[in-house]
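Examination of the molecular architecture
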Amino acid sequence: FGDVDVTGVKHSAPVIAEVPFSSEYKFMATVHQAIEENDGADKVGKLVAHVKGAPDRMIPLCKYQAKNGSFSDDDVEPCDKDYWIEQIAILSSHGLRVLALTRGVLPDGAVKPGEQLGPEFVQERGEPWLTIVGLCAIMDPPRPECVDAIRIAHGAGVRVAMITGD
């Protein structure tokens, strides 16, 4: 999946519709017209939805996982959900915030250009339909004001336990 010209990809496959991020459903999605260079010849004439979000929300929606650095129908296999859950746990145990990166293929015309889609576009397809491409682990240190608050709490004899990044 390396050596990607991000600017070129954005130019050649602009967003035609999206599901904006919300902390309520913990993901976002963009829909693009498939192009051969990015998506493979078997996807031309279709739409591709790129969905990223909280792994606990994304993994249940995945039917396949990508392999061999390709998105061709020949290079996906059934999603090994236990494997992904284990990888997420390992990354999270190191204090990293983890996002699942997924994609799904739709028939051309499934959405209209500029359409503002809701979370049901991703969540309510009746069965898992996405392909997990990988995980993104992000270092998310506490905000500076949290560091000061923790120092004050320690000075007052309070034991602090960080449950979230904030």
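The rules behind these values
Residues numbered from 1 in each chain as written. Predicted model: local features only at pLDDT ≥ 70, side-chain atom pairs only at ≥ 80, totals over all residues. Heavy atoms only, no water. Helix = DSSP H or I, 4+ residues; strand = E, 2+ residues; numbered from the N terminus. Buried < 20%, exposed > 50% of the residue type's maximum accessible area, 1.4 Å probe, protein only. Contact = heavy atoms within 4.5 Å. Areas by Shrake-Rupley, 256 points an atom, 1.4 Å probe, with all protein chains shown as cover. 1 Å grid on protein atoms, 1.4 Å probe; cavity = no way out; pocket = protein on both sides within 12 Å on 5 of 7 lines; lining within 4 Å. Points joined across faces, edges and corners; volume = space filled by probe spheres on them. Nonpolar A, V, L, I, M, F, W, Y, C, P; charged D, E, K, R; others polar. Patch = residues over 30% accessible without salt bridge, like charges linked within 9 Å, V, L, I, M, F, W, Y side chains within 5 Å. Salt bridge = Lys/Arg side-chain N within 4 Å of Asp/Glu carboxyl O. Core = buried A, V, L, I, M, F, W, Y, C linked by side-chain atoms within 4.5 Å. Phe/Tyr/Trp six-rings, centres within 6.5 Å; stacked < 30°, edge-to-face > 60°. Lys NZ or Arg CZ within 6 Å of the ring centre and 35° of its normal. Expected span 1.5 Å × (residues − 1).

A closer look at the overall build of the chain
A count of helical and extended segments in the chain gives 6 helices and 8 strands. Counting helices and strands in the order they occur from the N terminus, the chain gives α-β-β-α-β-α-β-β-α-β-β-α-β-α. Each principal axis of the C-alpha atoms in the chain carries an extent, and together these give about 65 × 35 × 35 Å. Across the 166 residues in the chain, those meeting the buried criterion constitute 31%. For the chain, restricting intrachain contacts to residue pairs at least 6 apart in sequence, the fraction spanning at least 24 positions comes to 63%. Here the chain displays about 10,300 Å² of accessible surface, and carbon together with sulfur accounts for 55% of that area.

Brief notes about the layout of surface pockets
The calculated volume of the largest pocket comes to roughly 1,100 Å³. Along the walls of the largest pocket sit 34 residues, with Val 4, Val 9, Asn 38, His 50 and Phe 71 positioned nearest its centre. Among the elements of the structure, α1 (6-12), β2 (27-33), α2 (36-39), β3 (46-53) and β6 (96-107) are those that each provide at least two residues to the lining of the largest pocket. Looking at the lining of the largest pocket element by element, the count peaks at 5 residues for α1. Across the lining of the largest pocket, the residue classes break down as 14 nonpolar, 12 polar and 8 charged.

What to know about a nonpolar patch on the surface
Together, Val 158, Val 160 and Met 162 make up a nonpolar patch on the protein surface, roughly 220 Å² of accessible area in all. Mapped onto the elements, Val 158 comes out in the segment after α6 (144-155).

Looking at the nonpolar core
The biggest cluster of nonpolar side chains holds 26 residues, and the ones touching the most others in it are Val 19, Val 31, Val 51, Phe 121 and Val 122. Dropping the residues within four chain positions of it, Phe 121 is found in contact with Val 19, Val 31, Ala 49, Leu 106, Val 111 and Trp 129.

Examining the side chain of Thr 131
Within the secondary structure, Thr 131 is located in strand β8 (residues 130-139). Relative accessible area serves as the criterion here: at 11%, Thr 131 is assigned to the buried category. The contact partners of Thr 131, leaving out residues within four places of it in the chain, are Cys 62, Tyr 64, Gln 65, Ala 66, Val 76, Leu 101, Thr 102 and Arg 103.

Details of the packing of aromatic side chains
Under the definition given, this model contains 3 aromatic pairs. Ring centres of Phe 121 and Trp 129 lie 6.3 Å apart, and the angle between their planes is 80°; on these two criteria the pair is classed as edge-to-face. Its relative accessible area of 14% is what places Trp 129 among the buried residues. Against the face of Trp 129 rests Arg 125, its NZ or CZ located 4.6 Å from the ring centre.

Brief notes about α6
Taking 1.5 Å per residue, 12 residues should reach 16 Å; α6 reaches 17 Å between its end C-alpha atoms and fits that length. Just past α6, the residue Gly 157 takes up positive phi, approximately 85°.

Some thoughts on the environment of Phe 27
Assignment of secondary structure puts Phe 27 in strand β2. On the accessibility criterion, Phe 27 (0% relative accessible area) is buried. The spacing of Phe 27 and Ala 100 is 73 residues in sequence and 9.2 Å in space, taken between C-alpha atoms. Every residue in contact with Phe 27, bar those within four places of it in the chain, is listed here: Val 19, Pro 20, Phe 21, Ser 22, Val 51, Lys 52, Gly 53, Met 58, Pro 119, Val 122 and Gln 123.

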